[in-house]
Amino acid sequence: MLWNKGFKCTAVVRGLIPWVLMTNIMLVLYCLKTTNHVNIRPTQEETCPLSMAKTNQAILSESSKPKQKCSPKVNIMFMKTHKTASSTILNILFRFGEKHKLKFALPDRRNDFCYPQPFLRSQVKDYRPGQCFNIVCNHMRFNHQEVAKLLPPDAVYVTILRDPVDLFESAFHYYHRAVPLTWGISGKNKLTEFLNNPEAFYSPEAFNSFYLKNLLFFDFGFNNNLGVNDPRIMEGIHSLSQRFHLVLIAEYFEESLILLKDLLCWSMDDILYFKLNARRTSSVNHLDPEMRVKALQWNWADWKLYEHFNATFWQKVEAYGRERMEQDVKELRRRNAEMRAICVDGGDAVEAQKIKDTRFRPWQPVGEKSIMGYNLRKDIDPKWKTICGKMLTPEIQYLSDMGVNLWVTRLWGWLKDSIF
């Protein structure tokens with residue numbers, strides 16, 4: 001672990017260091033162990049056959065509406081990025097996949113694919129060479145060559161981006177306690193202190209530093225420490241534009257879902273949602289114009305990434321039709337409001353300590369209780385109870401329901417809550 005000159009370690013911090021190191025060393029060793037347990041021989045089939053796609057497509061087509069002009073797509077790679085409303089998309093995919101009995105490539109013993117290591121097929125739960133899946137959607141550090149061998153050739157690739165300033169603020173709030181170099185920041189407004197002199201609290205080689213610079217670029221498998229004029233930034237963006245069929249924009253979440261519905265030939269029922277992993281408003285640090293400029297400069301690669309795909313997003317909206325989009329967004333909002341009235345006790349999200357049923361309590365950042373969740377209505381009509389419960393279920397609990405043994409994630413959660 002690297003420490004900057006002049007960093008003063010308090011007794012409390014010194015006491016925490018061994019625990020943080022021990023936990024993360026355990027996670028790394030676990031990943032090193034699990035990613036080597038599959039022996040892939042050159043003679044074995046290593047890619048997913050198209051026949052898998054055709055079989056599942058036929059099954060789904062039987063249950064789709066007869067008047068539909070297209071068949072719903074079932075083979076999907078969703079690149080789940082950090083702090084971008086991606087957990088809400090994940091819930092939509094989980095529900096669709098369960099409804100149609102699709103096959104998920106799931107992580108093993110934790111809720112991500114050994115992030116921040118680059119993704120490998122062997123990180124998939126119970127993976128065997130040649131296995132084929134319909135949906136890959138949990139957190140990973142993107143590695144297209146490995147992902148492509150899990151999915152049929154007709155798979156649709158989708159991801160989501162967020163304004164890099166707002167994303168950086170959210171990531172700093174959520175992760176800075178897991179980045180030891182930031183422990184030396186004094187004052188109440190640690191984010192402002194960081195942005196005024198980021199190099200004092202950041203080193204590319206430091207433990208967990210990737211969380212605090214160009215996190216999107218890092219998630220996609222690129223170097224997050226490239227300089228402003230480095231041509232590899234645009235090269236990376238171009239490669240992603242060749243890989244992904246649709247890039248959603250978090251600031252226009254409803255419009256994004258309508259485009260997703262259109263691309264996948266899904267119904268409005270398939271994209272209904274409740275916003276998951278939302279932060280308590282009072283915990284958000286609203287940056288002034290000067291700090292926003294500094295945050296953009298610090299996250300330049302993410303800004304260029306967002307700028308490019310925000311432009312392509314609106315091109316797709318224009319192609320879809322502005323008036324048609326407005327009508328569909330209104331319908332989506334109306335249907336979501338109906339579901340909120342049916343499902344949610346009190347109609348709104350509440351703070352974590354007010355969530356009565358633990359299966360609806362979301363994962364919290366280190367040292368915080370800022371992520372909100374929902375209570376299921378007590379007087380809910382039995383016919384709605386199952387779907388409402390699924391819509392309110394956070395990622396960790398949903399993965400458990402799908403049969404993933406999350407002992408590594410739960411151990412880290414216990415240590416996190418006990419220490420901080």
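Residues numbered from 1 in each chain as written. Predicted model: local features only at pLDDT ≥ 70, side-chain atom pairs only at ≥ 80, totals over all residues. Heavy atoms only, no water.

(A) Representation of the packing of aromatic side chains. Within the structure shown, the criterion is met by 26 aromatic pairs. Ring geometry for Phe168 versus Phe172: centroids 6.2 Å apart, planes at 50°, classification tilted. In this pair, Phe168 and Phe172 are both assigned in helix 5 (residues 164-175), 4 residues apart and thus about one turn of the helix distant. The class of Phe172 is buried, set by a relative accessible area of 3%. Between Phe194 and Trp298, the aromatic rings sit 5.8 Å apart at their centres with planes inclined by 80°, giving edge-to-face as the arrangement. With Phe194 in helix 6 (residues 190-196) and Trp298 in helix 10 (residues 289-298), this residue pair connects regions lying 104 residues apart in the sequence. Phe194 gets classed as buried once you look at its relative accessible area, which sits at 0%. One aromatic cluster in this structure is built from Tyr115, Tyr174, Tyr175, Phe210, Tyr211 and Phe218. The ring of Phe133 has Lys103 sitting right over it, with the charged end atom 5.0 Å from the ring centre. For the cation-ring pair, Lys213 lies above Trp298, with the distance from its terminal atom to the ring centre recorded as 4.1 Å. (Phe/Tyr/Trp six-rings, centres within 6.5 Å; stacked < 30°, edge-to-face > 60°. Helix = DSSP H or I, 4+ residues; strand = E, 2+ residues; numbered from the N terminus. Buried < 20%, exposed > 50% of the residue type's maximum accessible area, 1.4 Å probe, protein only. Lys NZ or Arg CZ within 6 Å of the ring centre and 35° of its normal.)

(B) Structural detail: the nonpolar core. If you look at the biggest cluster of nonpolar residues, it comprises 113 residues, and the most contacted ones within it are Met77, Met140, Leu161, Phe168, Phe194 and Leu257. Ignoring sequence-local partners within four residues, the contact set of Phe168 consists of Leu191, Phe194, Leu195, Leu212, Ala295, Trp298 and Asn299. (Core = buried A, V, L, I, M, F, W, Y, C linked by side-chain atoms within 4.5 Å. Contact = heavy atoms within 4.5 Å.)

(C) Structural context of the side chain of Asn91. Along the chain, the position of Asn91 falls in helix 3 (residues 86-99). Once residues within four sequence positions are removed from consideration, Asn91 is found in contact with Leu276, Lys390, Met391, Thr393 and Tyr398.

(D) Focus on the environment of Val74. Here Val74 is to be found in the loop between helix 2 (50-63) and strand 1 (76-79). For Val74, a relative accessible area of 0% corresponds to the buried category. Separated by 80 residues in sequence, Val74 and Asp154 have C-alpha atoms that sit 9.5 Å apart.

(E) Representation of the pairing of strand 1 in the model. Where burial is concerned, the two faces of strand 1 agree: the one with Ile76 and Phe78 and the one with Met77 and Met79 are both buried. In the sheet, strand 1 pairs with strand 3 (residues 135-136) via 2 bridges, with the strands oriented parallel. For Met77, the partnering residue across the bridge sits in strand 3 and is Val136. Across 4 bridges, strand 1 lies against strand 4 (residues 156-161) in parallel orientation. Counterpart to Met79 in the pairing with strand 4 is Thr159. (Pairing = 2+ DSSP bridges.)

(F) Region of the structure containing the state of the cysteines. Overall, the coordinates contain 2 disulfides when judged by the stated rule. The partner cysteine of Cys70 in its disulfide is Cys265, sulfur to sulfur 1.8 Å. Judged by the torsion about the S-S bond (95°), the Cys70/Cys265 disulfide is right-handed. Of the two residues, Cys70 sits in the loop between helix 2 and strand 1 while Cys265 sits in the loop between helix 9 (253-264) and helix 10, which places them 195 residues apart along the sequence. (Disulfide = S-S within 2.5 Å.)

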